Amino acid sequence: MNSRLLRWFLPLAFASLLLLGWQLLHHSLPPSRRFLLPDLSRIFAAFREHGPTLLSAARYTAWTALAGFSLAALVAIAASLVLASSHLVRTTLYPYLMALQMVPIIIIAPILILWVGPGAPSVIIVTFLISFFPLVVNTTQGLLSVERGQVDLFRMGRASRWQELLLLRAPAALPYFFTGLRISAILAPIGALTADYLVGTSTGGKSGLGITALLYSARNEIPALYATALVGCALGFALVAVVSALAWLVLHHWHDSYSSNEK
Amino acid sequence: MNINRPSLVFSTLAALLGLSLAACARKDPAAPTVAANATPALTPITVQLDWVPEPEHGGLFQAQARGWFREAGLDVTLMPGGANALVNQRVATGQAQLGQGESVTTLLDVHKGLPLLQIAAVFQNDPSVFLLHADNPIRDFKDLAGRKIMARPGWIFLDYLRQKYAIDFTIIPFNFSVSNFIADKEFIQQGYYIAEPYFITQGGAPAPKYLYAWDAGYDSYAVLIANPDWAKQNPAALRAFLDAYIRGWRDYLEGDPTPAHSAMKQANPNNTDAFLAFSRQMIIDEKLVIGRDATDTTRIGRLDPARYARQLKIVEDLKLIPPGALKVSDVMTTEYLPPLPKM
């Protein structure tokens, strides 16, 4: 009971400390520079003033993030099955998986704009590229992280490879998969926001949080810029919450990490 | 771009496989055809803008909002740009038929092999200038030696300054913000002086002063650029377009700008009436569209081959293209502009 209360209380107490620090910092700045760290009331006012713009941008970024994230999850599952199937395949492909993560998005951005065109498809591809790696690495690791003894048991019982995969390896991989999913859930919204900044479009006033941030920045709307950042964070938290709930739903019956002994 | 789910997933996967160049749907800019009921079909034209819709696109938006493109048999789409507009690349690859850009950079792109043809002026002088605080002691380009300047690293004017004045300076990549400028009295940055000063004064700083690129002899236009193959196949449509475009500018500057401004606000809800009015007034006061030394509006949209010869000389002197590699007629034409005696 107590610990549950603490779980809400501690972060909130820390938040009020942060906000207090912010206000103090704001007032300690020379007046000509205060706009860089605006009074908190002005950031709240920005939410009201720019509410419709922020909401429509958040909706756009949310769906592109979700699309790129889901695509990454699906492709990662398929790729992990292939990678886990043979040491040879892993050795061959692993460097390229890493390269996929290493190629800077700012280099991919102009190429995507010319091949796919600015807008949602390009944003989704960038989000996919950002979210894919943690998923595939974790899931592959999970598929391989089965105790030797259990594999032997399956082999002795003459289980087919499919049975081994479905009944042994897949369940063992689930916690790893969800770890990857949680990392990617943090990356996907910020990935979609950055992608929108680099390869998005504001056609018909329909743009995501990235273009919105670009415009607020160009127009020196600093409070609105901070509001945009907070909306981006909120999207990240929301996606992490959904993934955590999903992980709980799937794992809490049997996995150690959800046993009641753990604090 | 409006794409439904299945084709979106498909194009995503295709791009991942590196196949998207082939898979990417491309509009075929068909020549105007006459339908059975004798109403001519509209010629589709996509214009790639260099930035989000603002008064720098006033002529285009006024002509669009007044319906003058449609009257001329054209179905025009004004495609907003952003941090990565890639105007020249999109025009060269035919993803847009026309684009708004800057003339000297476009010369280099032509030299690199991009098919691009400059067909009309937007601004008789590209309004990219240096912004400085009013009390900054810097008076001249020579004083920039050793300074830190925020600018687009690819801006050829920077190379030009280094060579002409034998100076060097540090470039910070342009981040589309004026916050640093407002906060730092010493800050110098590139800016479109018909836009940024508004946000600087709104941010509480005094109005900045400018160093104009043309005062250093850098004679570039803001221009409309066409895909030359498309232009060759659709000369009548392009002439009709430029006619409506010039009419659009004249009406935007001399008449009621409300139609264009409403469209700009719809395309970009961040546009406020005060900003749109400021930017339009700057364009008028600085005579950017009609020409800084003009006394009438006859020069709207006009390009001067002699100025292109000077621009080519600039990039040749900078050793960015070999001498004689490009002729004026390779990079620009006036043949699609309306005949001259016209008021």
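To be clear, the structure that these remarks concern was listed above.
These lines cover the structure that appears in this document, whether it is placed above or below. (Residues numbered from 1 in each chain as written. Chains lettered and ligands numbered in written order. Predicted model: local features only at pLDDT ≥ 70, side-chain atom pairs only at ≥ 80, totals over all residues. Heavy atoms only, no water.)

Brief notes about the packing of helix H3 (residues 51–85) of chain A against helix H10 (residues 222–251) of chain A
All names here are of chain A.
Part 1: For the pair H3 and H10, the least separation of the axes is 11 Å and the interaxial angle reads 40 degrees. Our classification of the angle between H3 and H10 gives oblique. Note that H3 runs across H10; the crossing there is right-handed. In contact with Leu54, Ala58, Thr61, Ala62, Leu66 and Phe69 of H3, H10 contributes Ala227, Thr228, Val231, Leu235, Leu239 and Val243.
Part 2: Partitioned by chemical class, the residues of the contact of H3 with H10 number 10 nonpolar, two polar and no charged. (Axes fitted to C-alpha atoms, helices over the stretch in contact; angles between N-to-C directions. Helix = DSSP H or I, 4+ residues; strand = E, 2+ residues; numbered from the N terminus. Parallel < 35°, antiparallel > 145°, perpendicular 65-115°, else oblique. Left-handed = near helix turned anticlockwise from the far one by under 90°. Contact = heavy atoms within 4.5 Å. Nonpolar A, V, L, I, M, F, W, Y, C, P; charged D, E, K, R; others polar.)

A look at the environment of A:Val89
Residues and elements named next belong to chain A.
Part 1: Among the secondary structure elements, Val89 is positioned in helix H4 (residues 87–102).
Part 2: Under the relative-accessibility criterion, Val89 is labelled partly exposed at 25%.
Part 3: Sequence-distant contacts of Val89, defined by excluding residues within four places in its chain, comprise Val82 and Leu83. (Buried < 20%, exposed > 50% of the residue type's maximum accessible area, 1.4 Å probe, protein only.)

Some words on helix H7 (residues 156–165) of chain B
All names here are of chain B.
Part 1: Those residues of H7 that sit buried are Ile156, Phe157, Leu158, Tyr160, Leu161 and Tyr165.
Part 2: For H7, the secondary structure elements touched by its buried residues are helix H6 (103–111), strand S5 (128–132), strand S6 (148–151), strand S7 (170–173) and helix H14 (305–317).
Part 3: Directly after H7, the chain includes Ala166, whose backbone phi takes a positive value near 50 degrees.

Details of the packing of helix H2 (residues 40–49) of chain A against H3(A)
Residue and element names in this part refer to chain A.
Part 1: Between H2 and H3, the least distance of the axes is 5 Å, while the angle of their chain directions is 75 degrees. The orientation of H2 with respect to H3, classified from their angle, is roughly perpendicular. Between H2, through Ala46, Phe47, Arg48 and Glu49, and H3, the contact on the second element is made entirely by Gly51, Pro52 and Leu54.
Part 2: A per-class count over the contact of H2 with H3 returns four nonpolar, one polar and two charged.

So, the interface of chain B and chain A
Quoted interface sizes are often the accessible area lost when the parts come together.
Part 1: On the chain A side, the residues contacting the 41 residues of chain B number 35 residues.
Part 2: Buried surface at the junction of chain B and chain A, both sides included, amounts to about 3500 Å², of which 64% is carbon and sulfur.
Part 3: Our enumeration of links across chain B and chain A arrives at one salt bridge.
Part 4: Where B:Glu54 meets A:Arg219, a salt bridge forms, and the shortest distance between an N and an O atom there is 2.4 Å.
Part 5: The interface formed by chain B and chain A contains six residue pairs in polar contact (both at pLDDT 80 or more).
Part 6: Every element with two or more residues in the side of chain B that touches chain A is listed here: helix H1 (5–16), helix H2 (20–23), helix H5 (87–92), helix H8 (179–183) and helix H12 (258–267) of chain B.
Part 7: A total of five residues in the side of chain B that touches chain A trace back to one element, the largest contributor, which is H1(B).
Part 8: Considering only residue class, the side of chain B that touches chain A consists of 21 nonpolar, 17 polar and three charged. (Buried area = accessible area lost by both parts, 1.4 Å probe. Salt bridge = Lys/Arg side-chain N within 4 Å of Asp/Glu carboxyl O. Polar contact = N/O pair within 3.5 Å; in protein donor to acceptor, adjacent residues only side chain to side chain.)

Focus on the sheet that holds strand S8 (residues 188–192) of chain B
Strand pairing in a sheet takes place through backbone hydrogen bonds and is either antiparallel or parallel in direction.
Residues and elements named next belong to chain B.
Part 1: Here five strands make up an open sheet; going across it, the order is S7-S6-S8-S5-S9 and the pairing mixed. Of all the strands in the sheet, just S7 and strand S9 (209–212) have a single pairing partner and so form its edges. Between one strand and the next, the sheet's axes are offset by a mean angle of 35 degrees, whatever the strand orientation.
Part 2: Strand direction decides the pairing type here: S5 and S9, joined by four bridges, are antiparallel. Residue pairing in the sheet places Val129 in a bridge with Tyr212 of S9.
Part 3: Strands in contact with H7 are S5, S6 and S7; relative to S5, the strand with the most contacts, it is inclined by about 70 degrees. (Pairing = 2+ DSSP bridges.)

A look at the packing of aromatic side chains
Part 1: This model, assessed by the stated rule, comprises 28 aromatic pairs over all chains.
Part 2: Ring plane angle 70 degrees and centroid distance 5.5 Å describe the contact between A:Phe177 and A:Phe178, whose orientation is recorded as edge-to-face.
Part 3: Measuring from centroid to centroid gives 5.2 Å for B:Phe174 and B:Phe176, while their planes differ by 70 degrees, and the two rings are edge-to-face. In this pair, the class of B:Phe174 matches that of B:Phe176, namely buried. (Phe/Tyr/Trp six-rings, centres within 6.5 Å; stacked < 30°, edge-to-face > 60°.)

Notes on the pairing of strand S3 (residues 98–102) of chain B
All names here are of chain B.
Part 1: Of all five residues that make up S3, five are buried, and the element is covered over most of its length.
Part 2: Here S3 shows two buried faces, one formed by Leu98, Gln100 and Glu102 and the other by Gly99 and Gly101.
Part 3: As paired elements, S3 and strand S10 (residues 222–226) share five bridges and run antiparallel to each other. Its bridge partner lying in S10, Glu102 is registered against Ala222.

Considerations on the pairing of S7(B)
All names here are of chain B.
Part 1: The pairing of S6 with S7 spans four bridges and is classified as parallel. Among the inter-strand pairings, Ile149 is bridged to a residue of S7, identified as Ile171.
Part 2: Handedness of the crossover joining S6 and S7 through H7 is recorded here as right-handed. (Right-handed = clockwise from strand over helix to strand, strands pointing away.)

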